[in-house]
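Structure at a glance
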Amino acid sequence: MIQRKLVIGTGVEKCNVKILVLNAGSSSQKSRLYEAGDSLPDVAPSPLWEADADWGQHQGTTTLKVKNNHGATLEEELHTDSRPEVITQMLETLWSGKTRVIAQASDIDVVGHRIVHGGQEYEQSTLVTVGVKDAIARLAEIAPQHNPANLEGIEAIERILPSVPQVAVFDTAFHRRMPLPNVVYPGPYAWFEQGIRRYGFHGISYQYCMQRAAQILGRDVHSMRIIACHLGNGCSAAAIQQGHSIDTTMGFTPLEGLMMGSRSGSVDPGILFYLQRQKGQSAEDLDTILNKASGLKGISGTSDMRQVLQNMREGDFRARLAFEMFVHRLRFYMGAMLATLRGVDVFIFAGGIGENSP
């Protein structure tokens, strides 16, 4: 929730605040600037400025697309895939060039960040402090493709806007009410006592989509059984009942569940023991394979669904196999969510694939 009035560090109370939002994905960086008045709208307002960076297609380069609410647009190829550099160049278009919407960087009042893994420590949004940054860094061990990227965004803002407050919003928080049988792994109970449990991810997306679907349908959100699928470079599905998550496909890390862009999703753990013992592969090797060389990329050669579809249309066998595997795994886990809910009222599709690839 955005407070109706925000007290800035100078002690000045403002009724209209400019809120910069950064969403660091595993292959993208999305940023939006919003202005909020003294009352919260029922529907998310249109942004004053929006910028998307995508480095999923060509290594070493980043496609940057920017537009503002006056219709000005900018599209360019940046010769870097360094997230701090991309964020810096992206944010400069806020106050310079044809897409500018503010006079200077200090016009921004607060910055919000999507943080993928909040562990057991964080169940709600919180102001970023040294302690919060340390926790995000520590949890990078179990969200290696995301928490470091989220932290880079926070540190980039600290360099550019050192006096502006920052807020961390955690993907895991939406799933914290899942029933215990859906949370505890069937290993030794000591795992659970050590914090090894199913956390779930994409919670910010699911919470928004759930609320927006209820608005569109004119339904009470607590009356709907929802199967929501967030499909992008990272993919998951969730069963939502009475306004909160009761099951989801991702678990202790964002690696479990559906087939993804470069992540495998769930595989037989015995495969990993085999590769260690018979093929001499290390834990680091297996981590790289499962997170960066599997999924669509591992089967077809590319992690980008747009390219998979193009290659499939051109007759590429492995592209077709990757696509059919992706659909099979999605259908499989949607069936699991259906069984958990014992019925469904609404299906929701979100994310780059969910929104753009019927």
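See the structure printed just above.
All of these numbers come straight from a predicted model, not from anything done at the bench.

1. What about the overall build of the protein chain?
Within the protein chain, the regular secondary structure consists of 12 helices and 14 strands. Rg of the C-alpha trace for the protein chain: 21 Å, near the compact-globule value of 21 Å for 358 residues, within the 12% margin. Within the span of the protein chain, comprising 358 residues, buried residues form 47% of the whole. Pairs at least 24 residues apart make up 61% of the contacts formed inside the protein chain by residues separated by at least 6 positions. Here the protein chain has roughly 18,000 Å² of accessible surface; of this, 51% comes from carbon and sulfur atoms. Across the protein chain, the 34 positively charged side chains and the 37 negatively charged ones have centroids separated by 5 Å.

2. Focus: the nonpolar core
In terms of nonpolar packing, the biggest core is built from 29 residues, with Cys229, Leu231, Leu296, Met305 and Phe326 touching the most fellow members. Counting only elements with at least two residues in this core, the list comes to strand E11 (225–231), strand E12 (235–241), helix H10 (305–313) and helix H11 (317–341). Here the element with the most residues in this core is H11; it accounts for 8 residues. Contact partners of leucine 296, with chain neighbours within four places excluded, come to Met259, Met260, Gly261, Gly301, Thr302, Ser303, Met305, Val308, Ala322 and Phe326. Leu64, Ile87, Ile102 and Val111 belong to the second-largest nonpolar core, a separate cluster that totals 24 residues.

3. Things to note about the pattern of salt bridges
Pairs can form between side chains of opposite charge once their charged atoms are near each other. One pass over the structure, following the stated rule, counts 14 salt bridges. One salt bridge in this structure joins glutamate 50 and arginine 32, with 3.7 Å as the shortest N-O distance. You can see glutamate 50 sitting in strand E5 (residues 49–54) and its partner arginine 32 sitting in strand E4 (residues 28–36), a full 18 residues away along the chain. In this structure arginine 32 comes out as buried when scored by relative accessible area, which is 18%. A salt bridge links arginine 306 to aspartate 54; its shortest N-O distance comes to 2.9 Å. Taken together, the positions of arginine 306 in helix H10 and aspartate 54 in strand E5 put the pair 252 residues apart, joining distant regions of the chain. Overlapping salt bridges bring together Arg32, Glu50 and Asp52 as one network.

4. Observations regarding the environment of serine 236
On the secondary structure map, serine 236 appears in strand E12. The class for serine 236 is buried, based on a relative accessible area of 0%. Residues serine 236 and methionine 334, 98 residues apart in the sequence, show an inter-C-alpha distance of 9.7 Å. Contact partners of serine 236, with chain neighbours within four places excluded, come to Phe201, His202, Tyr206, Ala228, Cys229, His230, Leu231, Thr249, Met250 and Leu258. Side-chain polar atoms of serine 236 contact the side chain of tyrosine 206, separated by 2.6 Å.

5. A few points about the sheet that holds strand E8 (residues 110–115)
Here 8 strands make up an open sheet; going across it, the order is E7-E6-E5-E4-E3-E8-E10-E9 and the pairing mixed. Both edges of this open sheet fall to strand E7 (73–78) and strand E9 (126–127), since each of them pairs with a single strand only. Two elements, E8 and strand E10 (residues 166–170), share 5 bridges in a ladder whose sense is parallel. Across the sheet, arginine 114 pairs through a bridge with valine 169, a residue of E10. Along the sheet, helix H1 (residues 83–95) makes contact with strand E3 (17–24), E4, E5, strand E6 (62–68) and E7, crossing E5 at roughly 155°.

6. Quick word on unusual backbone geometry
One non-glycine residue with positive phi stands out, namely histidine 202, at about 60°. By the secondary structure assignment, histidine 202 is in the loop between helix H5 (189–193) and helix H6 (203–217). Not every positive phi belongs to a glycine, and glutamine 242 is a case in point at roughly 55°. For glutamine 242, the location among the structural elements is in the loop between E12 and strand E13 (244–248).

7. Some remarks on the packing of aromatic side chains
Given two aromatic rings, their pairing is described by the distance between the two centres and the angle made by the two planes. The tally for this structure, following the rule as stated, stands at 4 aromatic pairs. Between the aromatic rings of tyrosine 122 and phenylalanine 170, the centroid separation amounts to 4.8 Å while the plane-to-plane angle is 10°, which identifies the pairing as stacked. Here tyrosine 122, found in the loop between E8 and E9, pairs with phenylalanine 170, found in strand E10; they are 48 residues apart in sequence, far enough to count as distant. For the pair tyrosine 122 and phenylalanine 170, a shared accessibility class is recorded, and that class is buried. A centroid spacing of 5.6 Å and a plane angle of 50° characterise the contact between tyrosine 189 and phenylalanine 192, whose relative ring orientation is tilted. Here the residue tyrosine 189 and the residue phenylalanine 192 both occupy positions in helix H5, the gap between them amounting to 3 residues, near one helical turn.

8. Remarks on the packing of helix H2 (residues 130–138) against helix H3 (residues 147–160)
For any two helices packed against each other, one specifies the crossing angle of their axes together with the interaxial distance. Put simply, H2 and H3 touch, their axes get as near as 8 Å, and they point 150° apart. As far as their axial angle goes, H3 and H2 are roughly antiparallel. In the packing of H2 onto H3, the handedness of the crossing is left-handed. Judged by residue contacts, Lys133, Ile136 and Ala137 of H2 engage Asn147, Leu151, Ile154, Glu155 and Glu158 from H3. In the contact of H2 with H3, the residues fall into 4 nonpolar, 1 polar and 3 charged.

Parameters at a glance
- Residues numbered from 1 in each chain as written.
- Predicted model: local features only at pLDDT ≥ 70, side-chain atom pairs only at ≥ 80, totals over all residues.
- Heavy atoms only, no water.
- Helix = DSSP H or I, 4+ residues; strand = E, 2+ residues; numbered from the N terminus.
- Rg over C-alpha atoms; globule rule 2.2 N^0.38 Å.
- Buried < 20%, exposed > 50% of the residue type's maximum accessible area, 1.4 Å probe, protein only.
- Contact = heavy atoms within 4.5 Å.
- Areas by Shrake-Rupley, 256 points an atom, 1.4 Å probe, with all protein chains shown as cover.
- Lys, Arg positive; Asp, Glu negative; His and termini not counted.
- Charge placed at Lys NZ, Arg CZ, Asp CG, Glu CD.
- Core = buried A, V, L, I, M, F, W, Y, C linked by side-chain atoms within 4.5 Å.
- Salt bridge = Lys/Arg side-chain N within 4 Å of Asp/Glu carboxyl O.
- Polar contact = N/O pair within 3.5 Å; in protein donor to acceptor, adjacent residues only side chain to side chain.
- Pairing = 2+ DSSP bridges.
- Axes fitted to C-alpha atoms, helices over the stretch in contact; angles between N-to-C directions.
- Phe/Tyr/Trp six-rings, centres within 6.5 Å; stacked < 30°, edge-to-face > 60°.
- Parallel < 35°, antiparallel > 145°, perpendicular 65-115°, else oblique.
- Left-handed = near helix turned anticlockwise from the far one by under 90°.
- Nonpolar A, V, L, I, M, F, W, Y, C, P; charged D, E, K, R; others polar.

Geometric descriptors of this kind do not, in isolation, establish any biological role.
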